[in-house]
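# Coordinates in review
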Amino acid sequence: MPMKTIFFRKPNLSSQQIFLLVIAIVLFVGYTLLERKSLSADSLVHAEHHQVLTNVRVISETKSQLSGPSLTYEKKEFFLRGKPLRIMSGAIHYFRVVPEYWKDRLVKLKAMGLNTVETYVPWNVHEEVKGQLKFDGNLDIRAFIKLAKELGLYVILRPGPYICSEWDFGGLPSWLLSDPHMEPRSMYPPFIEAVDQFYKRFLPILVPLQFSKGGPIVAFQLENEYGSYASADVEYMQHLKMIMVNGGITELLFTSDNNSGLKKEFLTLPNVLKTINVDVQFNLRQELSYLQEIQPDKPVLIMEYWVGWFDLWGDSKHHNGKSAWSVAKVLGEILEFGASFNLYMFHGGTNFGFMNGANGLRPTTTSYDYDAPLSEAGDVTSKYRSIKDAIKQHAPEHSIPKNLPEVPENSSRKDYGKVSMQQGMSLTQLLSYQTPIESGHVMPMEQLPINNNGGQGYGFILYQTELPHYPKEIVMEQILDRAQILLDSVLIQTYDASMGYKSPVVIAVSQNHEQSLRSAKQTKHNLEILVENMGRTNFVWDMNKMRKGITGKVTVDGLSPTKWRIYPLQFKPQDLASIKEKGKWDKVPEKGPTGPFLYKGTFKVSEGPRDTFLNMKNWNKGVCFINGHNLGRYWERGPQTTLYVPAPWLRTGDNELIILELHGYKKAAEVSFTGFPFYLG
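Procedures and definitions
Residues numbered from 1 in each chain as written. Predicted model: local features only at pLDDT ≥ 70, side-chain atom pairs only at ≥ 80, totals over all residues. Heavy atoms only, no water. Helix = DSSP H or I, 4+ residues; strand = E, 2+ residues; numbered from the N terminus. Buried < 20%, exposed > 50% of the residue type's maximum accessible area, 1.4 Å probe, protein only. Polar contact = N/O pair within 3.5 Å; in protein donor to acceptor, adjacent residues only side chain to side chain. Contact = heavy atoms within 4.5 Å. Lys, Arg positive; Asp, Glu negative; His and termini not counted. Salt bridge = Lys/Arg side-chain N within 4 Å of Asp/Glu carboxyl O. Pairing = 2+ DSSP bridges. Axes fitted to C-alpha atoms, helices over the stretch in contact; angles between N-to-C directions. 1 Å grid on protein atoms, 1.4 Å probe; cavity = no way out; pocket = protein on both sides within 12 Å on 5 of 7 lines; lining within 4 Å. Points joined across faces, edges and corners; volume = space filled by probe spheres on them. Nonpolar A, V, L, I, M, F, W, Y, C, P; charged D, E, K, R; others polar. Domains from an automatic or database assignment. Phe/Tyr/Trp six-rings, centres within 6.5 Å; stacked < 30°, edge-to-face > 60°. Core = buried A, V, L, I, M, F, W, Y, C linked by side-chain atoms within 4.5 Å. Left-handed = near helix turned anticlockwise from the far one by under 90°.

Turning next to the environment of Ile 141. Within the secondary structure, Ile 141 is located in helix H4 (residues 141-150). Owing to a relative accessible area of 1%, Ile 141 belongs among the buried residues under this scheme. Spatially, the C-alpha atom of Ile 141 lies 7.2 Å from that of Tyr 94, the residues being 47 residues apart in sequence.

Laid out in structure tokens, this is it:
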């Protein structure tokens, strides 16, 4: 088709219109050019940003590779920064030893020939009250770890959150149980939230103390013996690993289990070493070979070599059946096998205060001597010397610390004689200084509206109500501890779950002549139930049900009282200070009290204070406080009959001793000191 020529007729525009048209065209062209330039610059910025992110990712990945564990392994041997290392460790729990003695215990550990110290971390004392963390005194873990470094020791840390360790609730804080649906050691959201919050505040203390950052920590344990937990869940273990890694932990991670726990293969985690816990036993090689079988081409580490054992109240004798010879012989076999080890315990220390745990409902003693190489008071034993010889004979020379220090001498002791406990305070008087919680029903310790609504953790709890008549039968639905039932301030019966658990607890009330005469004159009667929290289980019991005090209801002759006064008797340092300041002390009655009663006496210390032991053979059951420090529980059942008193808790001049005795003294209101511990059997 031929093209047609088209002619345009020149528009009839004024000069002003032509000027405005030119201006519009110029503005349009200018805007277009600027937009293109902007788009080009923006594209360049995005390209550069993408390149930066790529570089950061590469650098981050490279840094992650470079900041891997300092302690590595190849085939069956550990290496620390490329140098072979046989881990030879001993357990010392900083929280069971007064800080003034940390150095003495650590030097003795190194002098034995060990190169590493291991410790648990008890969450429940670092965060006794929810949201309030403590890292001072004997809880100053940073100072303990730094001291180990100064002495040339490596550190293995086991931060739980569950630690077992014959410690109350296995190291878990009691306030978790204020949640009636709590499921510890699981993915139960409130439990995980609590764990996350604790680690968020705690891990920053540990991160700079890792070996890769110039500190002494070479390894961290996840949880503890989780394979022995009936409700074990691998997702929970994966979460703990994630918390550690995201929190900045780059050193070696591991788990520890006994033989049966290791058989739960579904708990295996990538890049997490498995370790084993063993006793002094003849078939040790078989157990170690099993670990090698399930974890080939990796070194064998015995995280707990049980060189002794703990005591429970009511045991017939102190656990001292593992001879120095047998412990050293098996250690020689461990070293010849090529395994690394951790002596549990090297030094046990003391369950000061109310922090002992329980096996099921049987509480652990205050002493955690453990028949260890170093005694409760830090003395070198024959077991220590035998192990030292075994290490010298069987350990690879490259792993024994250079220039071993001389073994420090044992601390000197002092017998401060007898102390007359002439001043006293009745339970009624003690309660007058306390503020009760008014309630329409009884409730366990953990559900009291105190301590940031986390309840009461430790000590005693007293339930008080007024009755319109003298009762014939009192029924308590469930008590997992020891309860003393008092009517009109007279002790009528004691129930002890550790000596035979019952549910419900039925108390048949009978009147003796004195009570009959008294009740005939009274129109109302005062019922008091004093419950001692003797320690939450750390093993062998349903941890979900470890609430203390009275759980369930109380009925009196078939009816439930609806007006209760509940007294949390925690005996914290501030409580003792308040009693000392406000308390009215009277002379102890000639006819000694037969129920709960506070006794006070003083004694002098001349020159410098020295370690000692308090001999409680003249008393039945209770707790002792020296200068505001809670020494722990005593009980005539044994096997422990003395309480360790570290010298730093004494002072030159006058010292104050307070005893809360639950049943009365035996011969006289006095107590004596001794230079040595005593056990029954």
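Right, let's talk about unusual backbone geometry for a bit. Apart from glycine, the bulk of residues carry a negative phi angle, and the bulk of peptide bonds sit in the trans form. Here the amide bond leading from Gly 160 into Pro 161 is cis, since omega sits at 15°, within 30 degrees of zero. Positionally, Pro 161 belongs in the loop between strand S6 (154-158) and helix H5 (189-206). Residue Pro 639 is bonded to the preceding Gly 638 through a cis peptide linkage, with omega at 10°. Looking at where Pro 639 falls in the secondary structure, it is placed in the loop between strand S30 (629-635) and strand S31 (642-645). Positive phi values are uncommon outside glycine, yet Ser 165 reaches one of about 60°. Exposure remark for Ser 165: the relative accessible area of 2% places this residue in the buried category. Positive phi, normally seen in glycine, also occurs at Phe 169, with a value near 55°.

Checked against the element boundaries, Asn 655 lands in strand S32 (residues 653-661). Given a relative accessible area of 1%, Asn 655 falls into the buried group. Of the polar contacts made by the side chain of Asn 655, one reaches the side chain of Asn 627; its length is 2.7 Å. Not counting chain neighbours up to four residues away, the residues in contact with Asn 655 comprise Gly 601, Thr 602, Phe 603, Lys 604, Val 605, Asn 627 and Leu 650.

We now examine the side chain of Glu 376. Among the structural elements, Glu 376 can be located in the loop between strand S13 (362-363) and helix H10 (382-394). Salt bridges are absent for the buried Glu 376, whose nearest opposite-charge side chain, Arg 105, sits at 9.0 Å. Excluding residues that lie within four positions of it along the chain, Glu 376 makes contacts with Arg 105, His 347, Gly 349, Thr 350, Ser 367, Tyr 368, Asp 369, Phe 613, Tyr 644 and Tyr 679.

The next thing to look at is the environment of Ser 672. Mapping Ser 672 onto the fold places it in strand S33 (residues 670-674). Between the C-alpha atom of Ser 672 and that of Asn 615, which follows or precedes it by 57 residues, the distance is 5.5 Å. Setting aside chain neighbours within four positions, we find Ser 672 in contact with Gly 417, Lys 418, Phe 613, Leu 614 and Asn 615.

Before going further, it helps to examine the sheet that holds strand S20 (residues 490-496). Within a sheet, neighbouring strands are paired by backbone hydrogen bonds and run either parallel or antiparallel to one another. What the six strands build is an open sheet, ordered S16-S25-S17-S22-S19-S20; its pairing is antiparallel. With one partner strand each, in any of the chains shown, strand S16 (437-439) and S20 form the two edges of the open sheet. Each strand of the sheet is rotated relative to its neighbour by a mean of 20°, with strand direction disregarded. Here eight bridges tie strand S17 (residues 460-467) to strand S22 (residues 525-532), and the two strands are oriented antiparallel to one another. Considered in S22, the bridge of Leu 462 is made with Leu 530.

This next bit is on helix H2 (residues 102-112). Turn by turn, an α-helix covers 3.6 residues, leaving residues three or four places apart pointing in a common direction. Extensive coverage of H2 is indicated by the burial of nine of its eleven residues. Buried residues of H2: Trp 102, Arg 105, Leu 106, Val 107, Lys 108, Leu 109, Lys 110, Ala 111 and Met 112, and no others. Elements that come into contact with the buried residues of H2 comprise strand S4 (88-92), strand S5 (116-120), H4, strand S11 (340-347), H10 and S31.

All right, on to the sheet that holds strand S24 (residues 550-556) then. Taken in spatial order, the three strands line up as S21-S18-S24 in an open sheet, and their pairing is antiparallel. Of all the strands in the sheet, the pair left with one neighbour each is strand S21 (505-508) and S24. Taken pair by pair, the neighbouring strands of this sheet meet at an average axis angle of 15°, ignoring direction. Looking at chain direction, strand S18 (residues 473-479) and S24 are connected through five bridges and run antiparallel.

What follows concerns the layout of surface pockets. Size it by volume and the largest pocket reaches roughly 980 Å³. Lining the largest pocket are 33 residues; nearest its centre among them are Glu 128, Lys 134, Asn 138, Leu 139 and Pro 573. No other element matches helix H13 (residues 573-582), which puts three residues into the lining of the largest pocket. Looking at side-chain class alone, the lining of the largest pocket contains 17 nonpolar, eleven polar and five charged residues. The residue makeup of the lining of the largest pocket includes at least three contributed by each of domain 1 (83-397) and domain 2 (418-422 + 588-674).

Let's shift gears to the packing of aromatic side chains. Under the definition given, this model contains 34 aromatic pairs. The interplanar angle of 80° and the centroid separation of 5.3 Å between the aromatic rings of Trp 102 and Phe 144 together place this pair among those described as edge-to-face. Of this pair, Trp 102 sits in helix H2 while Phe 144 sits in helix H4; the two residues are 42 residues apart in sequence, bridging distant segments of the chain. Neither Trp 102 nor Phe 144 differs from the other in exposure class; each is buried. The rings of Tyr 120, Trp 306, Trp 309, Phe 310, Tyr 344, Tyr 368 and Tyr 370 are connected pair by pair, giving a single aromatic cluster.

Let's shift gears to the pairing of strand S1 (residues 71-74). Side chains on a regular strand alternate between the two faces of the sheet. Relative to strand S2 (residues 77-80), S1 runs antiparallel, the two sharing four bridges. Across the sheet, Glu 74 pairs through a bridge with Glu 77, a residue of S2. Hairpin remark: S1 followed by S2, antiparallel, with two residues in the connecting loop; positive phi at Lys 75, about 60°.

With that out of the way, let us pick up the nonpolar core. Phe 191, Tyr 305, Phe 341, Ile 391, Phe 571, Leu 614 and Ile 659 are the most contacted members of the largest nonpolar core, which has 192 residues in total. Per-element accounting of this core gives the leading share, ten residues, to H5. Beyond its immediate chain neighbours, meaning those up to four positions away, Leu 614 contacts Cys 624, Leu 631, Thr 641, Thr 642, Leu 643, Val 645, Leu 657, Val 671, Ser 672 and Phe 673.

Look at helix H8 (residues 284-294) against helix H9 (residues 324-337): their axes get within 11 Å of each other, and the N-to-C directions meet at 30°. Both H8 and H9 take part in a crossing whose hand is right-handed. Two secondary-structure elements touch here, H8 through Leu 284, Arg 285, Leu 288, Ser 289 and Gln 292 and H9 through Val 330, Ile 334 and Phe 337. Tallied by class, the residues present in the contact of H8 with H9 amount to five nonpolar, two polar and one charged.

What follows deals with the pattern of salt bridges. Applying the stated criterion to the full structure yields 25 salt bridges. The partner of Glu 446 in a salt bridge is Arg 536, with the nearest N and O atoms 2.8 Å apart. Here the residue Glu 446 occupies a position in the loop between S16 and S17, and Arg 536 occupies one in the loop between S22 and strand S23 (537-539), the gap between them amounting to 90 residues. Across this residue pair, the class does not change: Glu 446 and Arg 536 are buried. Here Glu 656 ties to Lys 600 by a salt bridge, and the two come within 3.8 Å at their closest N and O atoms. Remark: Lys 600 occurs in strand S27 (residues 597-605) and Glu 656 occurs in strand S32; sequence separation between them is 56 residues. For the pair Glu 656 and Lys 600, a shared accessibility class is recorded, and that class is buried.

Purely geometric stuff here, so don't read any function into it on its own.
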